[in-house]
Amino acid sequence: MARMIVTISKMWAGILFVVCVSVLNAAVPDFDEAHAFFLLEAQCALGPRNPGSWGHDRCLEFLKRELGYWTDTVFVQPFSYYSFDRKETLELSNIIGRIAPEKNARILLCAHWDTRPTADQDPEPKNHNTPILGANDGASGVAILLEIARRCALKPPGIGLDFVFFDGEDYGREGVLDDYVIGSKHFANDIPAPVPRFGILLDMVGDRDLKIPKEQASYTLARDVVEKVWRAARDLGIQTFDPTVGRGVYDDHLALNEEGIPTIDLIDFDYPPWHTLHDIPSACSAKSLDDVGRVLLQVIYTEKP
Ligand code: ZN
């Protein structure tokens, strides 16, 4: 009899667990991978988006408009940057959209929206000065974040969100570090209050063959955030998040960490079309965008207010 009671109570506990998990999952909105991929293609349809280009101008308008649909407030941080290396002045703009800007409990989600002015890794030397399309290196992170903003607008989470699209991430010539991550360095000097608890950067997250290791600097500087994100992936059974610690990448998360906002970089650097003319939509997949998008939604909707 005692055994029977135990069995029955175990059964009820099991049922309760299933109910709780379903209620919990029901609270997390779905991610629409087809729409996310459409947003990736829409950016690429504007052509290369390197500073000073026609596509850069058009994409700035496109992103302001898209963020305007899905966030409570949108603003731009315009600024000029002089490159000593290339001896030219760039007009750059970080684009920021905020959901529930009054909330103290908030997360920062970011990606770079500019693309590289030179395909300097292209197998054809004659292409080395041609701008890249940046389907993965640029458009992929932005596409995921726009789709997340849309989902969060339709069903507001318990916390506030800051979506930040950095300009001038990929302008530098190989080896000239000053000319990289320009937008995030500018943003770090002018972070809108309330300051977010932590940040997640997306860069090169659309690769068809996506495998994201724990980026080294993220693991060192913001380990709790790394573990939180990888736990969410594990809970969802998403294998794309590789538990090994990979190489460190000089990227937009570093400036935020320097300002005391623990920020991780989700990046798969193992991408043969990197900085070539082959970084195009067909090298990316909707499924990869979906894996990352679902994990981020899980993190957002399980974060305590
Ligand atoms: Zn790049």
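Remember, predicted model here, so these are calculated numbers, not experimental data.

S.K.: I keep staring at the overall build of the chain and nothing clicks. Help me out?
M.R.: Helix and strand counts for the chain stand at 9 helices and 8 strands. In terms of overall size, the chain behaves like a compact globule, its C-alpha atoms giving a radius of gyration of 20 Å where 305 residues would be expected to give roughly 19 Å. C-alpha extents for the chain along the principal axes are approximately 85 × 40 × 35 Å. Per-residue burial over the chain gives 56% buried out of 305 residues. Here the chain displays about 13600 Å² of accessible surface, and carbon together with sulfur accounts for 57% of that area. A distance of 8 Å separates the average location of the 30 positive side-chain charges in the chain from that of its 45 negative side-chain charges.

S.K.: Quick question: what am I supposed to make of the coordination of the zinc ion here?
M.R.: Ideal donor angles around a metal are set by the shape: a four-donor tetrahedron calls for 109.5 degrees, a six-donor octahedron for 90 or 180 degrees. At 1.9 to 2.3 Å from the zinc ion lie its protein donor atoms, namely Asp137 (OD), Asp170 (OD) and His275 (NE2). Mapping the donors of the zinc ion onto the primary sequence yields the spacing D-x32-D-x104-H. In this pair, Asp170 sits in the loop between β4 (160–166) and α5 (182–188) while His275 sits in the loop between β8 (263–267) and α9 (286–302), placing the two residues 105 residues apart along the sequence. Relative accessible area serves as the criterion here: at 3%, Asp170 is assigned to the buried category.

S.K.: Would you mind going over the packing of helix α2 (residues 33–44) against helix α4 (residues 135–154) with me for this structure?
M.R.: What describes two packed helices is the angle between their axes and the distance between those same axes. Across the interface, α2 lies against α4 with an axial gap of 8 Å and an inter-helix angle of 135 degrees. The angle between α2 and α4 places the two elements in the oblique class. By crossing handedness, the relation of α2 to α4 is classed as right-handed. Residues His35, Ala36, Leu39, Leu40, Gln43 and Cys44 of α2 pack against Ala135, Gly138, Ala139, Ser140, Val142, Ala143, Leu146, Glu147 and Arg150 of α4. Residues that form the contact of α2 with α4 fall into these classes: 9 nonpolar, 4 polar and 2 charged.

S.K.: Is there a simple way to think about the side chain of Lys214 in this case?
M.R.: Looking at the element boundaries, Lys214 is found in strand β6 (residues 212–214). Note on Lys214: relative accessible area 9%, which makes it buried. If near-sequence neighbours (up to four positions away) are discounted, Lys214 is found in contact with Tyr219, Val226, Glu227, Trp230, Asp242, Pro243, Thr244, Val245 and Gly246.

S.K.: How should I be thinking about the state of the cysteines in this particular structure?
M.R.: Working definition of a disulfide: a covalent bond connecting the sulfur atoms of two cysteines. All chains considered together, the criterion is met by 0 disulfides. This cysteine, Cys284, is not joined by any disulfide, and Cys44 carries the nearest cysteine sulfur, 7.2 Å off.

S.K.: What am I meant to see in the environment of Arg49 here?
M.R.: Inspection of the secondary structure puts Arg49 in the loop between α2 and α3 (54–70). Arg49 gets classed as buried once you look at its relative accessible area, which sits at 0%. With 83 residues separating them along the chain, Arg49 and Ile132 place their C-alpha atoms 8.3 Å apart. Excluding anything up to four places from it in sequence, Arg49 contacts Gln43, Cys44, Gly55, His56, Cys59, Trp113, Asp114, Thr115, Leu133, Gly134 and Ala139. Separated by 2.5 Å, the side chain of Arg49 and the backbone oxygen of Leu133 make a polar contact. At 3.4 Å, the side chain of Arg49 forms a polar contact with the backbone oxygen of Gly134.

S.K.: What's the story with the pairing of β8 in this structure? I'm lost.
M.R.: Walk down a regular strand and you will see the side chains alternate between the two sheet faces. In terms of residue burial, β8 counts as a mostly covered element, since 5 of its 5 residues are buried. Side-chain alternation along β8 places Thr263, Asp265 and Ile267 on one buried face and Ile264 and Leu266 on a second face that is also buried. Inspection of the sheet shows strand β5 (residues 198–203) paired to β8 by 5 bridges, in the parallel sense. Bridge pairing in β8 places Leu201 opposite Asp265.

S.K.: Teacher, can you tell me more about α3 here?
M.R.: Between its first and last C-alpha atoms α3 spans 25 Å; for 17 residues at 1.5 Å apiece the expected length is 24 Å, and the two agree. If you check which residues of α3 are buried, you get Gly55, His56, Cys59, Leu60, Phe62, Leu63, Glu66 and Leu67. Where the residues of α3 are buried, they touch α2, β1 (73–83), β2 (88–99), α4 and β4.

S.K.: Hey, could you run me through α9 in this one?
M.R.: Because the α-helix completes a turn every 3.6 residues, residues three or four places apart line up on one side. Look at α9: 24 Å from first C-alpha to last across 17 residues, which is about the 24 Å you get at 1.5 Å a residue. Burial analysis of α9 places 14 of its 17 residues in the buried class, the great majority of the element.

S.K.: What exactly am I supposed to notice about the nonpolar core here?
M.R.: Taken as a class, soluble globular proteins show a tendency for nonpolar side chains to be buried jointly. Ile148, Ile200, Phe241, Leu266 and Val292 are the most contacted members of the largest nonpolar core, which has 68 residues in total. The biggest single contributor to this core is α4, with 10 residues. Excluding residues that lie within four positions of it along the chain, Phe241 makes contacts with Ile212, Val229, Trp230, Ala233, Leu266, Asp291, Val292 and Val295. Within the second largest apolar cluster, 9 residues are counted, among which are Leu108, Val164, Leu201 and Ile261.

Rules used in this analysis
- Residues numbered from 1 in each chain as written.
- Predicted model: local features only at pLDDT ≥ 70, side-chain atom pairs only at ≥ 80, totals over all residues.
- Heavy atoms only, no water.
- Helix = DSSP H or I, 4+ residues; strand = E, 2+ residues; numbered from the N terminus.
- Rg over C-alpha atoms; globule rule 2.2 N^0.38 Å.
- Buried < 20%, exposed > 50% of the residue type's maximum accessible area, 1.4 Å probe, protein only.
- Areas by Shrake-Rupley, 256 points an atom, 1.4 Å probe, with all protein chains shown as cover.
- Lys, Arg positive; Asp, Glu negative; His and termini not counted.
- Charge placed at Lys NZ, Arg CZ, Asp CG, Glu CD.
- Donors = N, O, S within 2.8 Å, 3.2 Å for Na, K, Ca; no water.
- Axes fitted to C-alpha atoms, helices over the stretch in contact; angles between N-to-C directions.
- Parallel < 35°, antiparallel > 145°, perpendicular 65-115°, else oblique.
- Left-handed = near helix turned anticlockwise from the far one by under 90°.
- Contact = heavy atoms within 4.5 Å.
- Nonpolar A, V, L, I, M, F, W, Y, C, P; charged D, E, K, R; others polar.
- Disulfide = S-S within 2.5 Å.
- Polar contact = N/O pair within 3.5 Å; in protein donor to acceptor, adjacent residues only side chain to side chain.
- Pairing = 2+ DSSP bridges.
- Expected span 1.5 Å × (residues − 1).
- Core = buried A, V, L, I, M, F, W, Y, C linked by side-chain atoms within 4.5 Å.

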